[in-house]
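Observations on the model geometry
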Amino acid sequence: MSDRGSVAGPDGLLRCPWGLQAESMADYRTYHDHEWGRPVHGDDALYERICLEAFQSGLSWLTILRRREGFRAAFAGFKIKAVADFTDADVERLLADPGIIRNRAKIAATINNARIAANLADGELDELIWSYAPDHTNRPVPRTFDEVPAITPQSTALSRDLKKRGFRFVGPTTAYALMQACGLVNDHLADCHVRAG
């Protein structure tokens, strides 16, 4: 599809087209309207988003959204210090938990990333991630989703920085999805009601 501009929902409001996918309209619409592209701050909150984006790799975001509470329960509410203390027994528990994606490499990365984040000073993860937010003054506003990039120089640099520190499952595409989800960039389309609001 070459023209993937905003689409009117049942309420008449224009939204980014992914926010109105028929099979999952309510889940995506809520996430689109109230979370995606809105600024997220706080080490634990950003750690959660890093983890969820990593688990999403190769899957649909809907799969993650529908299991989000399961992830929160399994990973101690994504409290960095708690997850950093997880043991091999916790890994086995997580591999048996049907409420999450049971992928050993992603589970190991989530625990590893908590241990890396736990060694940062309070607020340092927040400061690190937000230091890669681009200057919005000259950033073009997308009119269709064909104009939204999958990676940017900033997401590539963020990915490189996180990997250098030891984080896993944080490639440039995942880093850009994190930037979109956490409001470092605003990729809501020009006529999407969320951008206007």
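Throughout, residues of each chain are indexed from 1 in the direction in which the sequence is written. Totals for whole chains, interfaces and linings use every residue, but because this is a predicted model, local features are given only for residues with pLDDT of at least 70 and side-chain atom pairs only at 80 or more, for both listing and counting. Hydrogens are left out, water is left out, and the side-chain values use all remaining heavy atoms of the structure.

Just to be clear on terms, a salt bridge is a Lys or Arg side-chain nitrogen sitting within 4 Å of an Asp or Glu carboxyl oxygen. As enumerated under the stated definition, the model contains 14 salt bridges in all. Salt bridges sharing common partners tie together E35, E48, R49, R68, E69 and R72.

A few words on the UniProt feature "binding site: Zn(2+)" (unreviewed entry) in the chain. UniProt positions are given in the numbering used here, feature names are shortened, and annotations may be inferred rather than shown by experiment. Sites flagged by UniProt as "binding site: Zn(2+)" (unreviewed entry) map to C16, H32, H188 and C192. These annotated residues cover 177 residues of sequence, and their C-alpha atoms all fall within 10.2 Å of one another, placing them together at a single site. Secondary structure elements follow DSSP: runs of H or I of four or more residues count as helices, runs of E of two or more count as strands, with numbering from the N terminus. For C16, the position within the fold is in the loop between β2 (14–15) and α1 (25–34). Per-residue accessibility, obtained with a 1.4 Å probe over protein chains only, is compared with the maximum for each type, and a residue is labelled buried under 20%, exposed over 50%, and partly exposed between these values. Classification of C16 as buried rests on a relative accessible area of 0%.

Any helix carries an expected span of 1.5 Å times its number of residues minus one. The terminal C-alpha atoms of helix α7 (residues 104–118) lie 21 Å apart, and with 15 residues this matches the ideal 21 Å at 1.5 Å per residue to within 8%. All of the buried residues along α7 are K106, I107, A109, T110, I111, N112, N113, A114 and A117. Pairs of residues are marked as contacts when any of their non-hydrogen atoms sit within 4.5 Å. Elements that come into contact with the buried residues of α7 comprise α2 (43–56), α5 (80–84), α6 (88–95) and α8 (124–130). Distance and chemistry together define a polar contact, namely a pair of N or O atoms within 3.5 Å, with one atom able to donate a hydrogen and the other to accept it when in protein, and with adjacent residues in sequence counting only for side-chain atoms on both sides. Sitting at the head of α7, N103 places a side-chain oxygen 3.0 Å from the backbone nitrogen of A105.

To get an axis, a line is fitted to the C-alpha atoms, and for a helix only the part in contact is used. The angle between two axes follows their N-to-C directions and goes from 0 to 180 degrees. Between helix α9 (residues 153–165) and helix α10 (residues 172–181), whose axes approach to 8 Å, the crossing angle comes to 110 degrees. Classed by the angle they form, the pair α9 and α10 counts as roughly perpendicular. Crossing geometry of α9 relative to α10 is assigned as right-handed. Across the interface between the two elements, Q154, S155, T156, L158 and S159 of α9 pack against P172, A175, Y176, L178 and M179 of α10. Here the contact of α9 with α10 is composed, by residue class, of six nonpolar, four polar and no charged. With respect to orientation, any angle under 35 degrees is reported as roughly parallel, any angle over 145 as roughly antiparallel, any angle of 65 to 115 as roughly perpendicular, and every other angle as oblique. Here a crossing is taken to be left-handed if its near helix is turned anticlockwise relative to the far helix by less than a right angle, and right-handed if that turn runs clockwise. Residue polarity is assigned by list, with Asp, Glu, Lys and Arg as charged and Ala, Val, Leu, Ile, Met, Phe, Trp, Tyr, Cys and Pro as nonpolar; anything else, Gly included, falls into the polar class.

Moving on: the layout of surface pockets. Using a 1 Å grid laid over the protein atoms alone, points where a 1.4 Å probe fits but cannot get out form a cavity; open sets with protein on both sides within 12 Å along at least 5 of 7 lines form a pocket; any residue with an atom within 4 Å of a point counts as lining. Grid points are joined across faces, edges and corners, and a volume is the space filled by probe spheres set on the points. In this model, the largest pocket occupies a volume close to 610 Å³. Taken together, 21 residues line the largest pocket, and the ones lying closest to its centre are W18, W36, F145, A177 and Q180. Breaking the lining of the largest pocket down by element, the ones donating at least two residues are α1, α2 and α10. Here the lining of the largest pocket takes six residues from α10, the largest share from any one element. The residue inventory of the lining of the largest pocket, partitioned by class, reads 13 nonpolar, six polar and two charged.

Let us look at empty space enclosed by the protein. What the rule picks out here adds up to one cavity of 30 Å³ or more. Size it by volume and the largest cavity reaches roughly 40 Å³. A per-element tally of the lining of the largest cavity places α10 first, with three residues.

Geometrically, a pair of aromatic rings is defined through the distance of the ring centres and the angle of the planes. Only the six-membered ring of Trp is used, alongside the rings of Phe and Tyr, when aromatic pairs are assigned; centres must lie within 6.5 Å, and planes under 30 degrees apart are stacked while those over 60 apart are edge-to-face, with the rest tilted. All chains considered together, the criterion is met by eleven aromatic pairs. For the pair Y31 and W61, a centre-to-centre distance of 5.5 Å together with 45 degrees between the ring planes defines the contact as tilted. Here Y31, found in helix α1, pairs with W61, found in helix α3 (residues 61–66); they are 30 residues apart in sequence, far enough to count as distant. For the residue pair Y31 and W61, the accessibility class agrees, reading buried in each case. Aromatic ring contacts, followed pair by pair, group W18, Y28, Y31, W36, W61 and F145 into a single cluster. In our convention, an over-ring charge means Lys NZ or Arg CZ found within 6 Å of a ring centre and within 35 degrees of that ring's normal. If you follow R93 out to its NZ or CZ, it ends over the ring of F86, 5.3 Å from the centre.

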